[in-house]
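The chain contents come next:
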Amino acid sequence: MTELTQEHATDSKAWSQDFIKGMTEEGESLSEINPESGPLGGSAAKAHSHGGDSHGGGVGVPDSSRAGRLTSYKLADFPAITGREEDWRFTPLKRLRGLDRVGIKGQEINGPAPLVEFSSPDAVSVETVGRDDVRIGSAGIPEDRVAAAAWEHFSEATIVTLPANYEGTIDDITTLTLTGQGDAPAAAHVVIEAKQFATGVVVLDHRGTAVLSENVEVLVGDGANLTVVSIQDWNDDAVHASAQHIKVGRDAKVKHVVINLGGNLLRTTPSARYTSTGGDVEMLGLYFADAGQHLEQRLFVDHSTKHCKSRVTYKGALQGDSAHAVWIGDVLIRAEAEGTDTYELNRNLILTRGARADSVPNLEIETGLIEGAGHASATGRFDDEQLFYLQTRGIEESVARRLVVRGFLNEVIQQIRVPALEERLRESVERELAATPV
Amino acid sequence: MSTLEIKDLHVSITTEQGTKAILKGVSLTIKTGETHAIMGPNGSGKSTLASTIAGHPRYNVDSGTITLDGEDVLAMTVDQRARAGLFLAMQYPVEIPGVTMTNFLRTAKTAIEGEAPKLRTWTKDVKAAMAQLRIEPEFAERNVNEGFSGGEKKRHEILQLELLHPKFAVLDETDSGLDVDALKVVSEGVNRAIDAGGLGTILITHYTRILRYIKPDFVHVFVDGSIAEQGGPELADRLEAEGYDRYQVAETASA
């Protein structure tokens, strides 16, 4: 099945009707004093974007709308990646170790999939199933070539099911540990489903060495409340592309957390879609890029139904030579998604010279009848003057660095609200800090 | 009684144009209980002295010594100097995102004392010190200096002075940019620290205004990297009346 999502036609009438109430952008408030024809209103704001070099003048047509991106289960539908695509322009393709070239010049993706071990409460089922299981493909469709390659080639999938009305607590969590089996390109597939009114926490814990393309489907049934935490704490040589497709039911709530710590190249692409009204998506992310690491996070929240909410908070610290973090936050509010309430935030803290963070929030708004829409992005630097200041108060350099990073990342860690994980993440951050290059 | 002794200090910085000498032989002895005002026109090296005492990496000490009760200060790292009892109130305090004032103050106190302060008394001390400096309680939860006004930053410098109890405090143009009300509040804080005893103060200022509120025992006039004149408080009065003109420096160019 191939599906090319329709590019949304421009309808400037929607804009002339109303203002976007409560839209804020880095302290800038749109209010009724901004006329539709002004620089903050009107069609110029419709294709609103920052930092994207593919975006033009912005009058009229929403150029390169996220809605227009190709989605397909078939690898053959995707052209070869050149690195010039908006979607790939930050990724060092050479370091993907072939994941981008599957099917080209004999490149295969048939290495052993990660070993899956699990611990779970009795009521939660964890199964290993074949490709033909009907539940596969219910939450999303690959949006890039690497994800499609995995979809076409995985041999077995792991399915986690929280039964209807299941009430898991924050101490009663399901953990899948996926241990990489070496550096031959491999494919993996995971489906996590919370049935109607189920509540619980599922953790994906990636470790070991792998060159892996993975699809994760997250299905959140009506009225369910699911937390999914995906931890990427691989060995230094690992390469991991993970497309995480989230489908949110009516009045359902999902908290999706991405923790990117270990690996040579991590590319995590979570996308959230709503099937009905009242859905609530909270996306949290924490990453810590060390020397030589490329950690890329690309998010997409597709508001296509009324009265849904999304909150995105990603924070990252970077240290060491050529440490690189990329955060792209695409939010699309379609014309029919009236009453949408969305806000996304990305903050980066650069601890040493030689590290680089790219942060690009993109907000496309096709209706003015929304509760609120905003974004904020900032990259700060822990510089010599800050260090000097803390040292003049008696604080040693290593403690000073920790103080700053802990404070910075704690904001995300606290919001995960799974005690066992919070503890582990604090330790992981300490470990990353201990590896500070001098 | 402690003594901070600066002997024949020569300091330079490295710029794109090469090495530039800033301090050209400064000698100064300060004992706890004394307040020394260091005055001088812009570019005379006052702030360089402050930064050099604290150990800012930008400044190269070419010769001379700084000792604290005979201990070689120049051999200490920045944080060691602070733990030895030196404090610098900065002219331009730095913003530290992600670290709340509460967390920062407690960490600094722990570092300087070598052990964590007792929570109950510490919280009480911080609250009282904040109230005296007319700092709103909400500042405790804000990130260090982030979004603070110039006056708020200076009050927080003095807050730290009062809470950390150093042996010697260098106040680098703490008065600059303050309106009269803020200047009074800040000066009261410095006077409280002085009156508490055991503190030697080096008050660096361009103007004589702050000396109406904080009375120096000694006044040193810096001109072009060395001390041109020194004396008692009467020297400050004379500077107030005559300015720096008689040291034959072109003030207007840099003011």
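The paragraphs below set out a description of the structure included in this document.

So, how was this worked out
- Residues numbered from 1 in each chain as written.
- Chains lettered and ligands numbered in written order.
- Predicted model: local features only at pLDDT ≥ 70, side-chain atom pairs only at ≥ 80, totals over all residues.
- Heavy atoms only, no water.
- Helix = DSSP H or I, 4+ residues; strand = E, 2+ residues; numbered from the N terminus.
- Buried < 20%, exposed > 50% of the residue type's maximum accessible area, 1.4 Å probe, protein only.
- Contact = heavy atoms within 4.5 Å.
- Areas by Shrake-Rupley, 256 points an atom, 1.4 Å probe, with all protein chains shown as cover.
- Lys, Arg positive; Asp, Glu negative; His and termini not counted.
- Charge placed at Lys NZ, Arg CZ, Asp CG, Glu CD.
- Pairing = 2+ DSSP bridges.
- Axes fitted to C-alpha atoms, helices over the stretch in contact; angles between N-to-C directions.
- Expected span 1.5 Å × (residues − 1).
- Bend = angle between axes of the 7 residues up to and from the residue.
- Phe/Tyr/Trp six-rings, centres within 6.5 Å; stacked < 30°, edge-to-face > 60°.
- Buried area = accessible area lost by both parts, 1.4 Å probe.
- Salt bridge = Lys/Arg side-chain N within 4 Å of Asp/Glu carboxyl O.
- Polar contact = N/O pair within 3.5 Å; in protein donor to acceptor, adjacent residues only side chain to side chain.
- Nonpolar A, V, L, I, M, F, W, Y, C, P; charged D, E, K, R; others polar.

## Let's talk about the overall build of chain B
A tally of helices and strands in chain B yields eight helices and twelve strands. Principal-axis analysis of the C-alpha atoms places the extent of chain B at approximately 55 × 40 × 40 Å. Every one of the 255 residues in chain B was classed for burial, and the buried ones make up 51%. Pairs at least 24 residues apart make up 71% of the contacts formed inside chain B by residues separated by at least 6 positions. Total accessible area computed for chain B in this model is approximately 11,400 Å², and 48% of it derives from carbon and sulfur atoms. Averaging the positions of the 27 positive and the 36 negative side-chain charges in chain B gives two centres separated by 4 Å.

## Examining the sheet that holds strand β6 (residues 86-89) of chain B
All names here are of chain B. A sheet is described by the order of its strands in space; here six strands give the open sequence β6-β9-β10-β3-β11-β12, paired in mixed fashion. Among the strands making up the open sheet, the edge pair consists of β6 and β12 (226-231). Sheet twist, expressed as the mean angle between neighbouring strand axes with direction ignored, is 20°. Bridge count between β6 and strand β9 (residues 168-172): four bridges; the pairing is parallel. Bridge pairing links F87 to A169 in β9.

## Brief notes about helix α4 (residues 397-416) of chain A
Residues and elements named next belong to chain A. In this model, α4 (20 residues) spans 29 Å end to end at C-alpha, consistent with the 28 Å of a helix rising 1.5 Å per residue. At N410, α4 shows its largest kink, close to 45°. Looking at α4, one finds that the buried residues are A400, R401, L403, V404, V405, F408, L409, V412, I413, Q415 and I416. Directly after α4, the chain includes R417, whose backbone phi takes a positive value near 55°.

## A word on the packing of aromatic side chains
In this structure the tally under the stated criterion is three aromatic pairs over all chains. Here Y73 of chain A and W151 of chain A contribute two aromatic rings whose centre-to-centre distance is 4.9 Å and whose plane-to-plane angle is 50°, an arrangement assigned as tilted. Taken together, the residues Y73 of chain A in the loop between β4 (70-72) and β5 (115-119) and W151 of chain A in helix α2 (residues 145-153) connect sequence positions 78 residues apart. Look at Y389 of chain A and F104 of chain B: their rings are 5.9 Å apart centre to centre, the planes differ by 20°, and that puts the pair in the stacked class.

## Observations concerning the interface of chain A and chain B
In this assembly, 16 residues from chain A lie in contact with 31 residues from chain B. Note on chain A versus chain B: buried area summed over both sides is about 1,900 Å², and carbon and sulfur give 70% of it. The largest per-residue losses of area from chain A upon contact with chain B belong to F388, Y389 and R393 of chain A, which jointly make up 40% of the total buried on that side. Inspection of the chain A/chain B interface yields one salt bridge. Linking R393 of chain A and E157 of chain B is a salt bridge whose minimum nitrogen-to-oxygen distance equals 2.7 Å. Joining chain A to chain B, the criterion identifies ten residue pairs in polar contact (both at pLDDT 80 or more). Its residues placed into classes, the side of chain A that touches chain B shows eight nonpolar, five polar and three charged.

## Focus: helix α5 (residues 150-164) of chain B
Residues and elements named next belong to chain B. Given a rise of 1.5 Å per residue, 15 residues ought to cover 21 Å, and the 21 Å separating the end C-alpha atoms of α5 matches this to within 8%. Among the 15 residues that make up α5, 13 are buried, leaving the element largely enclosed by the rest of the structure. At the exit of α5 stands H165, carrying a positive phi of roughly 50°.

## Brief notes about the sheet that holds strand β2 (residues 18-31) of chain B
Each strand in a sheet pairs with another by means of backbone hydrogen bonds, the pair being arranged parallel or else antiparallel. All names here are of chain B. One open sheet accounts for four strands, arranged β2-β1-β4-β5; its pairing is antiparallel. Each edge of the open sheet is held by one strand with a lone partner, namely β2 and β5 (71-72). Strand direction decides the pairing type here: strand β1 (residues 3-15) and strand β4 (residues 59-68), joined by eight bridges, are antiparallel. Bridge assignment links K7 to a residue of β4, and that residue is T65.

## As for the environment of S242 of chain A
Residue and element names in this part refer to chain A. Residue placement: S242 occurs in strand β11 (residues 239-248). Given the relative accessible area of 1%, S242 is considered buried. Sequence-wise, S242 and A188 are 54 residues apart; in three dimensions their C-alpha atoms are separated by 9.2 Å. If we skip the residues at most four places from it in the chain, S242 touches E214, V216, R267, T268 and T269. A polar atom in the side chain of S242 sits 2.9 Å from the side chain of E214. Within the structure, S242 has its side chain in polar contact with the side chain of Q244 (distance 2.9 Å).

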